[in-house]
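Here's the letter readout for the chains.
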Amino acid sequence: MAQNVNFQRSVESVKGGQEPALAARELLRELTDEEKLSLLQGDPSFWEGLYKLYAGYYLLNPYVHGEVKRLGIPGIRFSDGPRGININKATAFPVSMARGATWDPSLEEQVGHVIGLEGRAYKANTVGSVSINLPRHPAWGRAQETYSEDPLLLGEFGAAHVRGLKPNVMPCVKHLALNSMETARFRVNVTVDEAALHEVYLPHFRRVVEEGAPIIMSAYNSVNGEWASENKHLMTDILRNQWGFQGIVISDWVYGVHDGVKSIKAGLDIEAPFQNLRAASVRPALESGELSWTEIDQAAHRILTTQLLHYARRNPEEPTTDMVFNQRARELAREVASKSVVLLKNTPVNAEKLLPLPERIESLAIIGRLATSRHTGDRASSLVTCPKVISPYDGIRMALPHVKLLLSDSDDEEAAGDAATKADAVVLIVGYDGEDEGEFLRPSKDTDPIAQALLPAPDNSYWSRRVQAARKAAVSESTSTPGEPEGLKSRPTGGDRRSVRLRDEDVRLIHAVATVNPRVIVSVVTGGAIIAEEWRFKVPALLVSWYNGCQGGRALADVLTGAVNPSGHLPWSMPRSEADLPAFDPDANEITYTKWVGQRLLDRRGVTAAYPLGFGLSYTQFAVARAVIGGAHTKGIRLQVQVQNTGERAGRCVVQVYGRPQFRTKADDFPTRVLAGFQAVELRAHETKSIEVVAAFAPFQRWVKGNLVWDVTQVDLEVGQFAGDCDAVSVVYRPSRSRM
């Protein structure tokens, strides 16, 4: 076949003004049938890919799908995220939930840009770091990988991350849809009505599609009885037909496709990451007429068009590996980590607030098993191998070189009490690590027989024999899971938290230390919300320090010493009781999702949060002095807001706008209050600024008779600093007409 057209020539044609779809059509004509089919799956055979996965090959190289060397088609070259690139060594940023706590999408865009640069430097052209599933319950094992419990915050941060990645790599958004259970993720069926789906669980996906996200990953779970990877309603009816998405839909890894033929007909373009079900079923389906070449061409055309668009528009400058974990990346990681720390409590002790630590302090106890931890979060697909990670103890030691530090980095209550007794104050690091929560990695034949049945039977191929040999060797070494390959031995099983309270050992440490020293600062390492009622009144200072990346220890020290004024705000609400959360069974095979999660559920029940959505203290004080409705805006209500720093030091205020809508028709099933907008502003001591904040229309849309509609007659806007802020300024908005 003559090569009048190849990938690079097609890219140049697109740069010269040719329509990408037309260029892709011309390129598609050059492919053989086998090359077309190869676009629709991972490149390695199943056993070759599995062996390389076990052997650590993909810790150093991207996963490749649909490379056609004859025509120079690069294929989808995938690295995972979302706190950094997970191939080779890279910068470990704070987890997504920590970044959501900054309430600063512009900062998130910078994070995305660095992740994109580092991924491209390692020859990836696609990064799966846009993780935006809504955490229905804080026990979800991967809550740390997403940004917030609120659809608006999720959507704006996801869109910012897409913008950051796009100059260098294709952003991949995860996971469509309703993927917020971990232990049962390979089998659970989520039942949801259309109103909850479109008002709560999909708006953030629509937002990133509007931002130009080119690749969407399907989820493992099923939705209303149909596996997500074969769910035509999600992938075709909604994603493509309603939202106009023209990019690629790729499956989740290994267990993500249940029917190779049905997945193509439903709109799934690529089976990832290896050849499996499609390799066995597509050819026979084409021969029988169950599947047509037109359907193959449609998927192949989307795959080629998406790649051509990216390569025609990406930054022409090729990054080098010396840009990885460079000074700018480390500085950004520290800035994000510092801005993410949420101060929840800072009660005076002997008429003096505990934070920031006084300059005269002579001794400080650093207590807790996580005090010297260098873990930056989950240790599965989001694992980042970072060249250097600063632990809390290391960060404090560097910030306070002349202060005597007493370290007790275990659960030993006696040792903790002894250190606390000898210190002027105590920093107690509590919370979770990868052993307590994270991505679930090990479906078994007992709990997940359907998932296990998706794997092909071993054959006599070279790669299959190598995998079987590795399994036998693993059994002989008595690993935790019989047959578990060598490359995965050190990784935790993962799964959902079994409790949203701290470990019993942490609670006992808090009580033991608070008994002997009144000056206790508790720092919680977490991704999702916790319940702290049995101990939070025992300590004067409390903050959330997250899985905070490679510079997390420095960031914690920055906040403790006052080098940085804390400005993080909770991206979720913190309940007082398990009764204030949706029902949750991590082992469930069936579950129903409703609209009522997080702050929306608390508001519906009239329950006061321990700390509401958006809450966060500072070492200064702010006031929203005035808010008025400004001119027209295409996507929302334009507000001019006057903000004052009434305190004695500079700080960053996050202005938040919540709306209480009224509708033309009865709407008992709509939240009483929703987040509609936010904007951060830096203010010097005693400074006043006027800023613009846009309250978006989208959060007030309702699903009525098969459509999202705007039938609002009035919105009572609350302009403050957190949900339910009693000092918020009230503004009434009455639209001149309904919006559809």
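This one's a predicted model, so the numbers in the text were calculated from it and none came from an experiment.

Describe the overall build of the protein, naming the residues involved and giving the relevant values.
Each helix and strand in the protein was counted, giving 21 helices and 27 strands. Over its C-alpha trace the protein gives a radius of gyration of 26 Å, about what one expects of a compact globule, namely 27 Å for 740 residues. Here the protein, with 740 residues, has 64% of them falling under the buried criterion. Restricting to contacts in the protein with at least 6 residues of sequence separation, those with at least 24 account for 78%. By element, 48% of the accessible surface of the protein is carried by carbon and sulfur atoms, the whole surface being about 27,300 Å². Side-chain charges in the protein split into 84 positive and 88 negative, and the spacing between the mean points of these groups amounts to 3 Å.

Help me get a handle on the domain arrangement of the protein, residues and values and all.
With domains assigned, the protein is organised as domain 1 (46-65 + 73-289), domain 2 (329-437 + 500-571) and domain 3 (620-733). In this structure, domain 1 and domain 3 have C-alpha centres spaced 31 Å apart. On the side of domain 3, 16 residues touch domain 1, which itself brings 15 residues to the contact. Taken over both partners, the interface formed by domain 1 and domain 3 buries close to 1,200 Å², and the fraction arising from carbon and sulfur atoms is 67%. When the area that domain 1 buries against domain 3 is broken down by residue, the three leading residues are W103, L152 and E199, summing to 51%. Applying the counting criterion to the domain 1 and domain 3 interface returns 0 salt bridges. Across the contact surface, domain 1 and domain 3 share 2 residue pairs in polar contact (both at pLDDT 80 or more). Elements with a contribution of two residues or more to the side of domain 1 that touches domain 3: α7 (151-165) and α8 (194-201). Across the side of domain 1 that touches domain 3, the residue classes tally to 6 nonpolar, 3 polar and 6 charged.

How would you summarise the sheet that holds strand β13 (residues 363-367) if you had to cite specific residues and measurements?
Reading across the sheet, the 6 strands line up as β10-β17-β16-β15-β13-β14 and stay open at both edges, with mixed pairing between neighbours. The strands lining the two open edges of the sheet, one partner per strand, are β10 (342-346) and β14 (404-408). Mean inter-strand twist for the sheet, computed between neighbouring axes without regard to direction, equals 15°. For strand β16 (residues 520-525) and strand β17 (residues 541-544), the ladder comprises 4 bridges, and the chain directions are parallel. Each bridged residue has a counterpart across the sheet, and for I521 the counterpart in β17 is A541.

Any chance you could break down the pattern of salt bridges for me, citing the residues and the numbers?
Close approach of charged atoms allows side chains of opposite charge to pair. For the coordinates displayed, the defined rule picks out 55 salt bridges. Across the pair R99 and E108 runs a salt bridge, and its minimum N-O distance is 2.8 Å. The same class applies to R99 as to E108, namely buried. Counted as one network, the salt bridges with shared partners bring together E109, E156, R163, R207 and E211.

Give me the lowdown on the nonpolar core, citing residues and values where you can.
Counting 139 residues, the largest nonpolar core has V173, L178, Y201 and W253 as the members making the most contacts within it. Among the elements that take part in this core, helix α13 (residues 293-313) stands out by supplying 8 residues, more than any other. In this structure L178 touches N133, V190, V192, L197, Y201, N221, V223 and Y593, once residues within four positions along its chain are discounted. Membership of the second largest hydrophobic core comes to 69 residues, among which are L357, A371, Y547 and L556.

Summarise helix α16 (residues 413-421); cite the residues concerned and give the values.
The set of residues buried in α16 consists of A416, G417, A419 and A420. End-on view of α16: buried residues confined to an arc of 165°, all on one side of the axis. For α16, the exposed residues set more than 90 degrees away from the buried face come down to E414 and T421. Of the residues that open α16, the one with a side-chain oxygen 2.9 Å from the backbone nitrogen of E414 is D412.

Quick rundown of the sheet that holds strand β2 (residues 76-80)? Include the residues and the values.
The strand order β1-β2-β3-β4-β6-β9 describes an open sheet built from 6 strands, whose pairing is mixed. Edge positions in the open sheet fall to β1 (63-65) and β9 (248-250), since each of these has one partner strand only. When strand polarity is set aside, the average angle formed by the axes of neighbouring strands in this sheet is 35°. When β1 meets β2, the two strands line up antiparallel, connected through 3 bridges.

Which residues make up helix α15 (residues 392-399), and what are the values?
Every α-helix winds through 3.6 residues per turn, so residues three or four apart in the chain are directed the same way. Every buried residue belonging to α15 is among P392, Y393, D394, G395 and I396, and all of these are buried. Where α15 is buried, its residues touch β13, β14, β15 (425-431) and α20 (552-561).

Quick one: what's the story with the packing of aromatic side chains, residue by residue and with numbers?
Inspection of the entire model under this criterion finds 24 aromatic pairs. Measuring from ring centre to ring centre gives 5.0 Å for Y57 and Y58, while their planes differ by 90°; the resulting arrangement is edge-to-face. Residue Y58 is classed as buried on the basis of its relative accessible area of 6%. Ring geometry for F78 against W253: centres 4.7 Å apart, planes inclined by 50°, an arrangement best described as tilted. Of this pair, F78 sits in strand β2 while W253 sits in the loop between β9 and α11 (260-266), and the two are 175 residues apart along the sequence. You can call F78 buried: its relative accessible area is 2%.

I'd love a proper account of the UniProt feature "domain: Fibronectin type III-like" (unreviewed entry) in the protein, names of residues and values included.
According to UniProt, the feature "domain: Fibronectin type III-like" (unreviewed entry) maps to residues 653-723 in the numbering used here. End-to-end, the C-alpha atoms of residues 653-723 are 15 Å apart, and along that stretch the chain is 0% helix and 63% strand.

Can you break down the pairing of strand β6 (residues 215-218) residue by residue, with the values?
Side chains I215 and M217 project from β6 onto one buried face, and the interleaved I216 and S218 project onto a second face that is buried too. Both β6 and β9 contribute to a ladder of 3 bridges, which runs parallel. Its bridge partner being in β9, I215 is matched across the sheet by I248.

Tell me what's going on with the pairing of strand β26 (residues 712-720), and back it up with residues and numbers.
Across a regular strand the side chains alternate sides, sitting on one face of the sheet and then on the other. Across the 9 residues that make up β26, a large majority, 7, are buried. Of the pairings in the sheet, the one linking strand β21 (residues 651-663) to β26 comprises 8 bridges and is antiparallel in character. Its bridge partner lying in β26, R660 is registered against D716. Strand direction decides the pairing type here: β26 and strand β27 (residues 729-733), joined by 5 bridges, are antiparallel. Following the sheet pairing, E718 is matched in β27 by S730.

Here is what the cut-offs are and how they apply
Residues numbered from 1 in each chain as written. Predicted model: local features only at pLDDT ≥ 70, side-chain atom pairs only at ≥ 80, totals over all residues. Heavy atoms only, no water. Helix = DSSP H or I, 4+ residues; strand = E, 2+ residues; numbered from the N terminus. Rg over C-alpha atoms; globule rule 2.2 N^0.38 Å. Buried < 20%, exposed > 50% of the residue type's maximum accessible area, 1.4 Å probe, protein only. Contact = heavy atoms within 4.5 Å. Areas by Shrake-Rupley, 256 points an atom, 1.4 Å probe, with all protein chains shown as cover. Lys, Arg positive; Asp, Glu negative; His and termini not counted. Charge placed at Lys NZ, Arg CZ, Asp CG, Glu CD. Domains from an automatic or database assignment. Buried area = accessible area lost by both parts, 1.4 Å probe. Salt bridge = Lys/Arg side-chain N within 4 Å of Asp/Glu carboxyl O. Polar contact = N/O pair within 3.5 Å; in protein donor to acceptor, adjacent residues only side chain to side chain. Nonpolar A, V, L, I, M, F, W, Y, C, P; charged D, E, K, R; others polar. Pairing = 2+ DSSP bridges. Axes fitted to C-alpha atoms, helices over the stretch in contact; angles between N-to-C directions. Core = buried A, V, L, I, M, F, W, Y, C linked by side-chain atoms within 4.5 Å. Arc of directions from axis to C-beta. Phe/Tyr/Trp six-rings, centres within 6.5 Å; stacked < 30°, edge-to-face > 60°. UniProt positions renumbered as here; feature names shortened; annotations may be inferred.

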